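# Geometric and topological summary
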Amino acid sequence: MAKLCIALDTDIDTAESILESLRGFPLIFKVGYKLFISHHRRITDKVKDLGFELFLDLKLHDIPNTMKNGVISAQSLGADYLTIHLMSGRKSIREAVEVKKKVKLLGVTVLTSMTQEDLDQVGIKVSLEDEVLALAKLGIQEGIDGVVCSGHEVSTLKASLGKEFLAVVPGIRLTGDASNDQRRVVTPQEAIKNGADILVMGRSITESDNPVKAVERVYNLIEKGD
């Protein structure tokens, strides 16, 4: 069954309140720049101390040695998952994989906020779908554990890459929710149908009046699987 990951892109007090309210649920919590830069171990330790899996969404994108050191530092925080940009290239990916140990490395292909027009503007002239596939293939060849991609791309990647990997899908929205700054969004049902292994949700839960009920609703959709 697919796992649910909640993106804690909020203030520290709200984040800690959400973590406490969801104690006992088998959840992954994603910590990105907003909380990591300002509160570092306060938030990562809180996630781990409450028994949740920790997803550090730092999207490492740098020269090989710097990437390697970033992965080693993530291990010291107890990270279960860590994102790296596959655009950083084969050598950087390889260095990251060589030192990852138990950390699951998740390769970012094309951000779900981006469209074909955005790719054109930065000089990438292939189709968005081809770019996602090329980057995912490179990462899988070098031994990453999963790929971060849109729910629209999961089925194609699963069919094309010929190897088991975690398909991590952000941009998940419940029916009726606003898409906000995400462009390529899907519902939980659509993501699961396409083969997603981890569903990443943020505002639909963190801005809910009742996060517990929101999580229970998503679990119900995941269990139904359609």
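As the structure is a computational prediction, the values presented were derived from the model and not from experiment.

The next subject is the overall build of the chain. From N to C terminus, the chain includes 11 helices and eight strands. Computed over its C-alpha atoms, the radius of gyration of the chain comes to 17 Å, within 12% of the 17 Å expected for a compact globule of 226 residues. Expressed along its principal axes, the backbone C-alpha trace of the chain runs to roughly 45 × 40 × 30 Å. Of all 226 residues assigned to the chain, the portion counted as buried reaches 51%. Contacts in the chain between residues far apart in sequence, at least 24 positions, make up 66% of those at least 6 positions apart.

So, on to helix α8 (residues 154-161). Along α8, the residues that are buried comprise Val154, Leu157 and Leu161. The buried residues of α8 all sit within an arc of 65 degrees when viewed along its axis, so they share a single face. Positive phi appears at Gly162, one or two residues downstream of α8, with a value of about 65 degrees.

Reading around the circumference, β1-β2-β3-β4-β5-β6-β7-β8 is the order of the eight strands in this closed barrel, with parallel pairing throughout. Strand-to-strand twist in this sheet, taken as the mean axis angle between neighbours without regard to direction, amounts to 25 degrees. On the sheet, helix α3 (residues 41-49) packs against β2 (28-31) and β3 (53-60) and is oriented at approximately 145 degrees with respect to β3.

Let us now look at the nonpolar core. The biggest cluster of nonpolar side chains holds 69 residues, and the ones touching the most others in it are Leu4, Phe29 and Leu56. If sequence neighbours within four positions are ignored, Leu56 has contacts with Val31, Phe36, Thr44, Ala74, Leu77, Ala79, Tyr81, Leu82 and Thr83. With 11 residues, the next largest nonpolar core counts Cys5, Phe55, Val148 and Ile198 among its residues.

Take the packing of helix α7 (residues 128-141) against α8 next. Two numbers describe how α7 lies on α8: the axes approach to 11 Å, and their chain directions differ by 50 degrees. For the element pair α7 / α8, the angle class is oblique. In this structure, α7 meets α8 at a crossing whose hand is right-handed. Where α7 abuts α8, its residues Val132, Leu133, Ala136, Lys137 and Ile140 lie against Leu157, Ser160 and Leu161. In terms of residue class, the contact of α7 with α8 is made up of six nonpolar, one polar and one charged.

This part is about the pattern of salt bridges. Following the criterion strictly, the structure yields 12 salt bridges and no others. Glu16 serves as the salt-bridge partner of Arg42, at 3.0 Å between the closest nitrogen and oxygen. Of this pair, Arg42 sits in helix α3 while Glu16 sits in helix α1 (residues 12-21), and the two are 26 residues apart along the sequence. For Glu16, a relative accessible area of 17% corresponds to the buried category. Residue Asp45 is joined to Arg41 by a salt bridge in which the shortest nitrogen-to-oxygen separation is 3.3 Å. Here Asp45 and its partner Arg41 are both found in helix α3, four residues apart, which amounts to about one turn of the helix. Relative accessible area serves as the criterion here: at 28%, Asp45 is assigned to the partly exposed category. Overlapping salt bridges, with partners in common, bring together Glu20, Arg23 and Lys46 in one network.

This part is about the confidence of the model for the chain. For the chain, the average pLDDT comes to 91, and 94% of its residues sit at 70 or higher. Per-residue pLDDT stays below 50 along residues 179-184; that stretch engages in 24 contacts with residues further than four places along the chain or on separate chains.

α3 packs onto α1 with a crossing angle of 5 degrees between their chain directions and a minimal axis gap of 10 Å. By the angle between their axes, α1 is roughly parallel relative to α3. Residues Ile12, Asp13, Ala15, Glu16, Leu19 and Glu20 of α1 touch α3, and the partners they reach there are Arg42, Ile43, Lys46 and Val47. Across the contact of α1 with α3, the residue classes break down as five nonpolar, no polar and five charged.

Of note, the phi angle at Lys59 is positive, near 45 degrees, even though the residue is not glycine. Relative to the helices and strands, Lys59 is located in strand β3. With a phi angle near 50 degrees, Lys101 is a residue other than glycine that sits in the positive phi range. Secondary-structure assignment places Lys101 in the loop between α5 (90-98) and β5 (104-108).

Once that is clear, we can look at the environment of Ala134. Inspection of the secondary structure assignment puts Ala134 in helix α7. Ala134 sits 32 residues away from Lys102 along the chain, and the two C-alpha atoms are 26 Å apart.

Analysis parameters
Residues numbered from 1 in each chain as written. Predicted model: local features only at pLDDT ≥ 70, side-chain atom pairs only at ≥ 80, totals over all residues. Heavy atoms only, no water. Helix = DSSP H or I, 4+ residues; strand = E, 2+ residues; numbered from the N terminus. Rg over C-alpha atoms; globule rule 2.2 N^0.38 Å. Buried < 20%, exposed > 50% of the residue type's maximum accessible area, 1.4 Å probe, protein only. Contact = heavy atoms within 4.5 Å. Arc of directions from axis to C-beta. Pairing = 2+ DSSP bridges. Axes fitted to C-alpha atoms, helices over the stretch in contact; angles between N-to-C directions. Core = buried A, V, L, I, M, F, W, Y, C linked by side-chain atoms within 4.5 Å. Parallel < 35°, antiparallel > 145°, perpendicular 65-115°, else oblique. Left-handed = near helix turned anticlockwise from the far one by under 90°. Nonpolar A, V, L, I, M, F, W, Y, C, P; charged D, E, K, R; others polar. Salt bridge = Lys/Arg side-chain N within 4 Å of Asp/Glu carboxyl O. pLDDT = per-residue confidence, 0-100.

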